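Letter by letter, the chains look like this.
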Amino acid sequence: GINAEYMGELPEFGLHPALREANMSRNGLKELPAAMFSAAALPALETLEIASNALTHLPASMGTLPLLGKLVLSGNKLESLPDSIYQMRSLTFLDIGGNQFADLPSSIGSLKGQLVTLFVNNNQLRALPPVLQQFASLQRFNIRGNPVPADEATLEAVEAIVNRNGGKFIGLS
């Protein structure tokens, strides 16, 4: 794996194609090169942590990483994710807490059969897409710090799913 100290930007030489884990958190990164974060460049990558940077967008190529199961994007300046992220077949852990999401697209529903952990805490979410009610495998969910109404039906349904799975639900307060 790689655990980078403060870099500011990623080196041009790229990362090793056999890399399975990468932690690039707290590096002041403003963008990620599309060519570096693709199936061709990182076919074995399973875990990617790029928390606490200054990212405002991600390359769509990131959604082509075939084995990526854990994606930690917390503490950036993201307002959305490329739709390709929601098409990832191996993704089971998604942390987008501490960003600037005002909503989650219904395309997140493509992850319903596989996502086990979803952290959306500390964004500006005012509602949740109803498709989250179909996330039967969800075991960990964090929505704290969002202006979602406490009595919203989708929120109540997600809490019931997580509780039924014996998981951990962190509510609004």
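Higher on the page you've got the structure.
Values in this document were obtained by computation on a predicted structure and should not be read as measured data.

Rules behind the numbers
- Residues numbered from 1 in each chain as written.
- Predicted model: local features only at pLDDT ≥ 70, side-chain atom pairs only at ≥ 80, totals over all residues.
- Heavy atoms only, no water.
- Salt bridge = Lys/Arg side-chain N within 4 Å of Asp/Glu carboxyl O.
- Helix = DSSP H or I, 4+ residues; strand = E, 2+ residues; numbered from the N terminus.
- Buried < 20%, exposed > 50% of the residue type's maximum accessible area, 1.4 Å probe, protein only.

**Q** Tell me about the pattern of salt bridges, and please be specific about residues and values.
**A** A complete count under the given rule lists two salt bridges for this structure. Its salt-bridge partner being Arg-20, residue Glu-46 comes within 3.3 Å of it at the nearest N-O pair. Linking Glu-46 in the loop between β2 (21–23) and β3 (47–49) with Arg-20 in the loop between β1 (2–3) and β2, this pair joins segments that are 26 residues apart in sequence. Classification of Glu-46 as partly exposed rests on a relative accessible area of 29%. You can call Arg-20 partly exposed: its relative accessible area is 48%. Between Glu-49 and Lys-70 there is a salt bridge, with its nearest N and O atoms 3.8 Å apart.

**Q** Describe in detail the environment of Ala-102, supporting the description with residues and values.
**A** With respect to the helices and strands, the residue Ala-102 is situated in the loop between β5 (93–95) and β6 (117–119). What makes Ala-102 partly exposed here is its relative accessible area of 49%. When the C-alpha positions of Ala-102 and Pro-147 are compared, they lie 9.6 Å apart, and in sequence the two are 45 residues distant.

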